[in-house]
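Now for the letters of each chain:
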Amino acid sequence: MKKKWVPTLLAFGLLVASPLAIQPAEATSHTTAAQENKLPANLANLMNIAPEHQFTLRKGSTRIEVKLLQWTLNEYGLKTSVDGVFGNKTLANVRKYQADKGLKVDGVVGMNTWAALYAEHKKPAEPSGQLPAKLKNLMNIAPEHQFILREGSKRIEVELLQWTLNEYGLQTTVDGIFGPKTKQNVRKYQADKGLKVDGVVGTNTWAALYAEY
């Protein structure tokens, strides 16, 4: 009986030592690494609060909302430690972010900055080639009745503008925020169309944009 157990034990030992035996552990570690860029649930839950009701954050703030701010800045490309402490580095990156988005550069995270930060998580990214229904519906409004858009505007109509500019060939991020890059592309578009080059989207610019469709 004892001799019959020897081959079995040896086979079991080889199985344990086999590289295949550690595959599941490796797969788990890869899965964890792949999920590192996903917004943690405790921070995602904070976004159930509308931007206008969020806490105003400034240098010295120490709240969980600061981690949401820092996490978003870091993903945006501004290297920021996610430690929940609004220090000098976070302040510098907030100011850079505000400048990028055409917001008031004061280093204070209020409603407008929160709205921009929230938009980063919606990931509208680039247009897919077909105008989304929610933007197409906006075109039921005649150009002369459309909202006048300018740098600093934050409306769904800005998404329609940005989407159209992008399809026209002027690379524009569709985030609903009329920042410096959108203004630059509006001016290029106006120049192409022989319109007044002022970076303001009024009746004539809207009419040209509508004509693209």
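Everything below is about the structure shown above.
The notes below deal with the structure included here. (Residues numbered from 1 in each chain as written. Predicted model: local features only at pLDDT ≥ 70, side-chain atom pairs only at ≥ 80, totals over all residues. Heavy atoms only, no water.)

### Structural notes on the environment of Leu43
Then, number 1: Mapped onto the elements, Leu43 comes out in helix H3 (residues 41-44).
Then, number 2: Judged by its relative accessible area of 4%, Leu43 is buried.
Then, number 3: In this structure the C-alpha to C-alpha distance between Leu43 and Trp71, which are 28 residues apart in sequence, comes to 8.9 Å.
Then, number 4: Dropping the residues within four chain positions of it, Leu43 is found in contact with Ile64, Lys67, Leu68 and Trp71. (Helix = DSSP H or I, 4+ residues; strand = E, 2+ residues; numbered from the N terminus. Buried < 20%, exposed > 50% of the residue type's maximum accessible area, 1.4 Å probe, protein only. Contact = heavy atoms within 4.5 Å.)

### Here's the deal with the packing of helix H8 (residues 156-168) against helix H9 (residues 180-192)
Then, number 1: At a minimum axis separation of 11 Å, H8 and H9 run at an interaxial angle of 60°. If you check the angle between H8 and H9, you find them oblique. Considering the relative orientation of H8 and H9, their crossing is left-handed. Each of Leu161, Gln162, Leu165 and Tyr168 in H8 lies in contact with H9, whose residues at this interface are Thr182, Asn185, Val186, Tyr189 and Asp192.
Then, number 2: Split by residue class, the contact of H8 with H9 holds 5 nonpolar, 3 polar and 1 charged. (Axes fitted to C-alpha atoms, helices over the stretch in contact; angles between N-to-C directions. Parallel < 35°, antiparallel > 145°, perpendicular 65-115°, else oblique. Left-handed = near helix turned anticlockwise from the far one by under 90°. Nonpolar A, V, L, I, M, F, W, Y, C, P; charged D, E, K, R; others polar.)

### What about the nonpolar core?
Then, number 1: In terms of nonpolar packing, the biggest core is built from 20 residues, with Leu57, Leu69, Leu73, Phe86, Val109, Trp114 and Leu117 touching the most fellow members.
Then, number 2: Residue assignment for this core shows that the elements contributing at least two residues are helix H4 (64-76), helix H5 (88-100) and helix H6 (111-122).
Then, number 3: For this core, the leading source of residues is H4, giving 5 residues.
Then, number 4: When neighbours within four sequence positions are excluded, Leu69 is seen to be in contact with Leu57, Phe86, Thr90, Val94, Val109, Trp114 and Leu117. (Core = buried A, V, L, I, M, F, W, Y, C linked by side-chain atoms within 4.5 Å.)

### Examining H8
Turn by turn, an α-helix covers 3.6 residues, leaving residues three or four places apart pointing in a common direction.
Then, number 1: Taking 1.5 Å of rise per residue, 13 residues should cover 18 Å, and H8 covers 19 Å from first to last C-alpha, within 8% of that figure.
Then, number 2: Looking only at H8, the buried set comprises Glu157, Val158, Glu159, Leu160, Leu161, Gln162, Trp163, Thr164, Leu165 and Asn166.
Then, number 3: On its buried face, H8 is in contact with helix H7 (133-136), H9 and helix H10 (203-211). (Expected span 1.5 Å × (residues − 1).)

### A few points about the side chain of Glu157
Then, number 1: Mapped onto the secondary structure, Glu157 falls in helix H8.
Then, number 2: Overall, the relative accessible area of 4% leaves Glu157 in the buried class.
Then, number 3: Discounting chain neighbours no more than four positions away, the residues touching Glu157 are Leu138, Gln146, Phe147, Leu149 and Trp206.

### Focus: the packing of H4 against H5
Then, number 1: The interhelical angle for the contact between H4 and H5, taken along N-to-C directions, is 60°, at an axis separation of 11 Å. In terms of their interaxial angle, H4 and H5 are classed as oblique. Relative to H5, the crossing made by H4 is left-handed. Of the residues in H5, those in contact with Leu69, Gln70, Leu73 and Tyr76 of H4 are Thr90, Asn93, Val94, Tyr97 and Asp100.
Then, number 2: Among the residues forming the contact of H4 with H5, the class breakdown is 5 nonpolar, 3 polar and 1 charged.

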